[in-house]
Amino acid sequence: GAVVSQHPSRVICKSGTSVKIECRSLDFQATTMFWYRQFPKQSLMLMATSNEGSKATYEQGVEKDKFLINHASLTLSTLTVTSAHPEDSSFYICSAGQGARLGNQPQHFGDGTRLSIL
Amino acid sequence: AQSVAQPEDQVNVAEGNPLTVKCTYSVSGNPYLFWYVQYPNRGLQFLLKYITGDNLVKGSYGFEAEFNKSQTSFHLKKPSALVSDSALYFCAVRDPLGRSQGNLIFGKGTKLSVKP
């Protein structure tokens, strides 16, 4: 149980392209979804937290107009990297959890999306 | 401020030997603690968690972790390592008061390498 599906797994595209990444909770309702960015050999950096039906909360230094997050339903959140540039190349990982503030429940992670901007 | 420290960038172990991956934390109150594993180009997989109760927590794939409140540690252990255990391991803590919308705070990760 508690499966999170993230798609696509890999994207290679030209500079200036907008890229949408989907994150779905397959067998549970995700009250809260998190989006992370991971640089090589580094830990996960939280980009934003989203709750279904409300605006995402972005971490300091993350451009909300650059990284558009939508959490329209309890099973789907999307991250759109708008007008992507080479410096946006990274590994993006989504995570989902149940219940407000999650308490002692683990977050469940997608398999990540490797984004490469040429 | 809440934080998690994983003092070792890499741990090398021979197959069949016991392994320990260290983690210490700094959180007000009684924390919720987690261990995750990440294989190359994959997301994180949940291994185990500590909430309250027994200090020795058993998790997936034969892993266990020992909570030590006085040392504020939550070290990951396995009695006999497998080559397939080679991966990146993350310790994480969640603020029990829920002040961060439930977000996990991660350590920097420890690369475990198990040699045959």
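Scroll up a little and you will see the structure.
A few points on the structure. In this numbering scheme, every chain counts its residues from 1 along its sequence in written order. As they are written, the chains are lettered A onward and the ligands numbered 1 onward, keeping that order. Selection of residues for local features in this predicted model requires a pLDDT of at least 70, selection of side-chain atom pairs for listing and counting requires 80 or more, and totals for whole chains, interfaces and linings are taken over all residues. Think of the side-chain values as coming from all heavy atoms in the structure, minus any hydrogens and water.

1. Topic: the interface of chain B and chain A
Now for step 1: Residue contacts are defined here by distance: any two heavy atoms, one from each residue, within 4.5 Å place the two residues in contact. Taken together, the contact pairs 23 residues of chain B with 25 residues of chain A.
Now for step 2: Defined in terms of a 1.4 Å probe, buried area is the accessible area two parts forfeit on being brought together, summed over both. Interface of chain B and chain A: buried area, both sides summed, is about 1,900 Å²; carbon and sulfur atoms make up 49% of it.
Now for step 3: Put simply, a salt bridge is a Lys or Arg side-chain nitrogen that is within 4 Å of an Asp or Glu carboxyl oxygen. In this assembly, chain B and chain A are joined by one salt bridge.
Now for step 4: Note that A:Asp111 and B:Arg42 form a salt bridge whose closest N and O atoms lie 3.2 Å from each other.
Now for step 5: Polar contact criterion, stated in full: a pair of N or O atoms within 3.5 Å, where within protein one must be able to donate a hydrogen and the other to accept it, and residues adjacent in sequence count only if both atoms are side-chain atoms. The interface formed by chain B and chain A contains seven residue pairs in polar contact (both at pLDDT 80 or more).
Now for step 6: Secondary structure elements follow DSSP: runs of H or I no shorter than four residues count as helices, runs of E no shorter than two count as strands, and numbering proceeds from the N terminus. Secondary structure elements with two or more residues in the side of chain B that touches chain A: β5 (32-38), β6 (44-50), β10 (87-94) and β11 (104-106) of chain B.
Now for step 7: Residue contributions to the side of chain B that touches chain A peak at four residues, all from β5(B).

2. A short note on the packing of aromatic side chains
Now for step 1: Note on aromatic contacts: the rings of Phe and Tyr and the six-membered ring of Trp form a pair at centre separations within 6.5 Å, being stacked when their planes are under 30 degrees apart, edge-to-face when over 60 apart, and tilted otherwise. Summed over all chains, the structure comprises 15 aromatic pairs over all chains.
Now for step 2: With 5.9 Å between their ring centres and 40° between their planes, A:Tyr36 and A:Phe109 make a pair best called tilted. With A:Tyr36 in strand β4 (residues 32-38) and A:Phe109 in strand β10 (residues 108-109), this residue pair connects regions lying 73 residues apart in the sequence.
Now for step 3: Centroid distance A:Phe109 to B:Tyr36: 5.1 Å. Interplanar angle 80°. Geometry classified as edge-to-face. Of this pair, A:Phe109 sits in strand β10 while B:Tyr36 is found in strand β5, placing the two residues in two different chains.
Now for step 4: Each residue is assigned to one of three classes by its accessible area relative to the maximum for its type, calculated with a 1.4 Å probe on protein chains only: buried under 20%, partly exposed between the two thresholds, exposed over 50%. With relative accessibility at 9%, the residue A:Phe109 sits in the buried group.
Now for step 5: Linked through ring pairs, A:Phe34, A:Tyr36, A:Phe109, B:Phe34, B:Tyr36, B:Phe46, B:Phe90 and B:Phe106 together constitute an aromatic cluster.

3. Remarks on the environment of B:Arg94
Now for step 1: Of note, B:Arg94 is situated in strand β10.
Now for step 2: Sequence spacing of B:Arg94 and B:Ser84 is 10 residues, and the spatial spacing of their C-alpha atoms is 28 Å.

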